[in-house]
Amino acid sequence: MALLEEPIKEVKVLKNYINGEWVESKGEIVDVVNPATMKTISKVPISTRDELDQAVKAAQDAYYDWRRTTPLARTRMLFRLKELLEENFEKASRIQTQEHGKCIDESRGESRRGIENVEVACGIPTLMQGYVSEDVAHGIDEYCIPTPLGVFGVIGPFNFPWMIPLWSIPYAVATGNTVVLKPSSEVPNSQQFLAELAEEAGFPPGVWNVVHGGRTVVGGMLEHPDIQGITFVGSTPVAKDVIYPGCGKSGKRVIAQAGAKNFMTIMPDCAVDQTIAGMMTSFFGNAGQRCLAAANAVVVGEDDDFYNEFVAKVVAMAKGIKVGYGLDESIQMGPLRDVSKKQNVLKYIDLGIKEGADLVLDGREFTVLGGYPDDCFVGPTVFSNVDPKSRVGAEEIFGPVMSIMRAKTLDDAIRITNENPFGNGHSIFTQNGAHARYFQYNVVSGNVGINIGITAAMAFFPFGGLKDSFFGVLHTQGKDAIRFFTDTKVVIQRWF
Amino acid sequence: MALNTCSEGISFVREMEEASAALCEEMAKLFPESAEKLQEYAKSNNKNVANVQRTYFGVITDGIEGCYAFNLEPELYAIDATLPAGVSKADALAKAIAVEETMARFYADAGEQGKGLTADVARAFTMISRKKGERVEELKALCK
């Protein structure tokens, strides 16, 4: 297959978008490298605290007018943005592939998911309605008004450069707040492009700001007295030890979505072929760099023949996965985002061997189709007979590594799953409804899949995990997002 | 190499439909008595592409297993949509029928393979396969 055209053709230094202006940063400039080709595609500034402060001030100044803009007028701007997102769907998708490495099908999926959040936020005139009780006492009425809060900080991760900020921003601005976004400095081009489209859609200066950077910007957001709340997606250590306590200390609202170790329970009555196809995308899609990627397959039952045949089929299909540059439409798995992430995955493969698991498919031995440098690539890897308490069976690897383990019964599988500290997206594959319901009821997980390998909630449902996968109360997307980005003002009135 | 991803399946379909449309347009010029019908077919080819793409871009989401949609060998669905100089109407129609039959088979096979994982895309394929079957019958009628 021929390579689709790369949308980013010349290396530019990205700018911050503050108060409706594209502003050069005074910070250090670092390269953004395409992990499939290892070519530098752009340069991104690591902005200063002062630059963050300018963006927050612009957002705060814009807030007073923006919150007075009618919900319908805000919606019309979102509709215009939605039109632009559709018009630029393919370009946005290819930018994601070029900067992140994921396959074009995955990028298009990410683009669509992002747009769906804009579509849901377009319902804000009704989603943001309050409620009234007449005559709570004789002649006294009481009503509740959802009101915006001010400036919100949005901190994006590297694994979904386009979609994840859109879990928050459409709802934040639709409800009358303003935002300062810090994209991941590893994949900043997607959000740069999104901000260009937001500008074209006509958002007033200061409503939608982008400040590229790293820890200084994140630390500044946490401390800043004018930032009312933060949404974050990233690792558990950062969510748990930095974002969540940081927001608590400064009295901010927080949605901190964190790491995962997702378990997939395989019942002997599952539809084997469909299950295995579903497993491929769940374990190896996005090169395993999803917080909803399955990591452990728990095969239930004591039938050795079923187990051995199942593992053999999984290995055969995984072995056939085409690894390469995601702008080739035939490619099924792209690279890890950068060299250090590959090294981390290799470390876990070594660890799995040392811990006694059987390496039945070695992702260190594979071919990159198209002859691209293998700096960031790891092939699909499968371990069998993994101890769920071993490090490879218990820790988040965030790469294309499948650990297969056994459980005697469904109860055992659920126990093994629930003993893990994460609870993001566990799933079961079965053709038995009673098994499915029992699993759904007893598993501790923010998202549950039944014959679905990637338990990604649609935009009109909340998305968030449990246990060490989530820190906060309300989740992103849908009605939860509306509540997160608004406070309730209760009015009791009497007229003499 | 096998076609596996939804994206390459869509591209494969587009190439086939474009070739089929070009064949119909060429036949319409060669055989004016059937031009109206053949041009209608060419339009329908373009509609099929639009339909499949609209469906794909409408439902492709992070939760859809787009990278593992099919396992189809493209060689089994190779079409020859070129007409030699001086071709008779009967031979041209025979070629058009062969093209449509192959495409109908591709749509049916892809629709069947993709039905578990690609939702509406597979459904669109299956529906187009049925339409292709109808066209084959119509082309056969033109031979009479």
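The numbering scheme is per chain: residues are counted from 1 as the chain's sequence reads. Whichever chain is written first is A, and whichever ligand is written first is 1; the rest continue in order. Per-residue local features are limited, in this predicted model, to residues with pLDDT of at least 70; the limit for side-chain atom pairs, both in listing and counting, is 80 or more; totals at the level of whole chains, interfaces and linings are taken over all residues. With hydrogens and water excluded, all non-hydrogen atoms of the structure serve as input to the side-chain values.

A separate point is the overall build of chain B. Counting from the N terminus, the helices are the DSSP runs of H or I reaching at least four residues and the strands are the DSSP runs of E reaching at least two. Looking only at helices and strands, chain B has 4 helices and 0 strands in total. Throughout, radius of gyration means the C-alpha value; the globule benchmark is 2.2 Å times the number of residues raised to the power 0.38. In terms of overall dimensions, chain B is globule-like: its C-alpha atoms have a radius of gyration of 16 Å, near the 15 Å expected for 144 residues. Contacts between residues were defined by any pair of non-hydrogen atoms, one from each residue, lying within 4.5 Å. Of all intrachain contacts in chain B linking residues separated by at least 6 positions in sequence, the fraction that spans at least 24 positions is 82%. Accessible area of chain B: about 6500 Å², with a carbon and sulfur share of 53%. Note on areas: these come from Shrake-Rupley sampling with a 1.4 Å probe, and a residue is covered only by the protein chains present in the view.

In this section: the sheet that holds strand β13 (residues 294-300) of chain A. Residue and element names in this part refer to chain A. Ordered in space as β14-β15-β16-β13-β12-β18-β19, the 7 strands form an open sheet in which the pairing is mixed. The open sheet has two edge strands with one neighbour each: β14 (358-361) and β19 (447-450). With strand direction ignored, the average angle separating the axes of adjacent strands in the sheet is 25°. Here a strand pair is declared whenever DSSP counts at least two bridges between the two strands. Judged from the 5 bridges that link them, β13 and strand β16 (residues 401-407) form a sheet pairing that is parallel. The residue bridging Val-298 from the neighbouring strand is Met-405, located in β16. Sheet strands in contact with helix α11 (residues 304-319) are β12 (262-266), β13, β14, β15 (381-384) and β16, and its direction is about 170° off that of β16. Note on method: axes are straight lines fitted to C-alpha atoms, helices fitted across the in-contact stretch only, with angles between N-to-C directions ranging 0 to 180 degrees.

Turning our attention to unusual backbone geometry. All names here are of chain A. The phi torsion at Asn-19 lies on the positive side, around 55°, for a residue other than glycine. Checked against the element boundaries, Asn-19 lands in the loop between β1 (16-18) and β2 (21-23). For Phe-398, which is not glycine, the phi dihedral falls at a positive 60°. You can see Phe-398 is positioned in the loop between α13 (391-394) and β16.

We now examine the interface of chain A and chain B. Between chain A and chain B, the residue contacts involve 31 residues of the former and 21 residues of the latter. A quick way to say it: buried area is the sum, across both parts, of accessible area lost when two parts are put together, with a 1.4 Å probe. In total, chain A and chain B occlude about 2200 Å² of area from one another, counting both sides; carbon and sulfur atoms represent 56% of this. Considering only the surface of chain A that becomes buried against chain B, Asp105(A), Lys322(A) and Gln332(A) emerge as the three largest contributors, covering 26% of it. Here, a salt bridge means any Lys or Arg side-chain nitrogen found within 4 Å of an Asp or Glu carboxyl oxygen. With a shortest N-O distance of 4.0 Å, Glu8(B) and Lys322(A) are connected by a salt bridge. Between N or O atoms, a polar contact is any pair within 3.5 Å; within protein, one atom must be a potential hydrogen donor and the other a potential acceptor, and residues adjacent in sequence are included only when both atoms are from side chains. The tally of links between chain A and chain B comes to 12 residue pairs in polar contact (both at pLDDT 80 or more). When contributions to the side of chain A that touches chain B are tallied by element, the ones reaching two or more residues are α3 (89-100), α4 (104-121) and α10 (272-284) of chain A. Looking at the side of chain A that touches chain B, the element that brings in the most residues is α4(A), giving 8 residues. In the scheme used here, Gly and all other residues not listed as nonpolar or charged are polar, with Ala, Val, Leu, Ile, Met, Phe, Trp, Tyr, Cys and Pro taken as nonpolar and Asp, Glu, Lys and Arg as charged. In the side of chain A that touches chain B, the residues fall into 14 nonpolar, 7 polar and 10 charged.

All names here are of chain A. Counted under the stated rule, the structure contains 37 salt bridges over all chains. Ionic pairing is found between Arg-49 and Glu-223, a salt bridge with its closest N-O pair at 2.8 Å. Taken together, the residues Arg-49 in helix α1 (residues 49-66) and Glu-223 in helix α8 (residues 215-223) connect sequence positions 174 residues apart. Type-normalised accessible area, obtained with a 1.4 Å probe on protein chains alone, sets the label of each residue: buried when under 20%, exposed when over 50%, and partly exposed for intermediate values. You can call Glu-223 exposed: its relative accessible area is 56%. One salt bridge in this structure joins Arg-253 and Asp-487, with 3.3 Å as the shortest N-O distance. With Arg-253 in strand β11 (residues 253-257) and Asp-487 in strand β22 (residues 486-494), this pair connects stretches of sequence that are 234 residues apart. With relative accessibility at 24%, the residue Arg-253 sits in the partly exposed group. Owing to a relative accessible area of 33%, Asp-487 belongs among the partly exposed residues under this scheme. Because the salt bridges share partners, they merge into one network encompassing Lys-82, Glu-86, Arg-112 and Glu-119.

For the rest of this paragraph, the subject is the nonpolar core. Nonpolar side chains in soluble globular proteins tend to be buried together. Core analysis: the biggest nonpolar cluster contains 93 residues, and Leu78(A), Leu81(A), Phe203(A), Trp208(A), Met27(B), Phe106(B) and Phe125(B) have the highest contact counts within it. Residue contributions to this core peak at 10 residues, all from helix α1 (residues 6-30) of chain B. Residues within four places of Met27(B) in sequence aside, it is in contact with Leu38(B), Leu83(B), Ala92(B), Leu93(B) and Ala96(B). Throughout, nonpolar core names a set of buried Ala, Val, Leu, Ile, Met, Phe, Trp, Tyr and Cys residues whose side chains join them through atoms within 4.5 Å.

Turning next to helix α9 (residues 236-250) of chain A. All names here are of chain A. Between its first and last C-alpha, α9 extends 20 Å over 15 residues, near the 21 Å set by a 1.5 Å rise per residue. Among the residues of α9, those classed as buried are Thr-236, Ala-239, Ile-243, Gly-246 and Cys-247. Along its buried surface, α9 packs onto β7 (151-155), α8, β10 (227-233), β11, β17 (422-423) and β21 (470-472). At the C-terminal side of α9, Gly-251 shows a positive phi close to 75°. Here the expected length of a helix is defined as 1.5 Å per residue gap, with one fewer gap than residues.

All names here are of chain A. Side chains of β15 alternate between two faces, with Thr-381 and Phe-383 and Val-382 and Ser-384 buried alike. Pairing between β14 and β15: 3 bridges, direction antiparallel. Paired with Asp-358 across the strands is Ser-384, a residue of β15. Bridge analysis of β15 against β16 gives 3 bridges, and the strand direction is parallel. Bridge pairing in β16 places Thr-381 opposite Val-401.

Once that is clear, we can look at the sheet that holds β22(A). Pairing between sheet strands relies on hydrogen bonds along the backbone, with the strands arranged either parallel or antiparallel. Residue and element names in this part refer to chain A. The 3 strands are arranged β5-β6-β22 in an open sheet whose pairing can be described as antiparallel. Only two strands of the sheet have a single neighbouring strand rather than two, namely β5 (131-137) and β22. Across the sheet, the mean angle from the axis of one strand to that of its neighbour is 25°, orientation sign disregarded. Bridge count between strand β6 (residues 140-148) and β22: 9 bridges; the pairing is antiparallel. Bridge assignment links Tyr-143 to a residue of β22, and that residue is Val-491.

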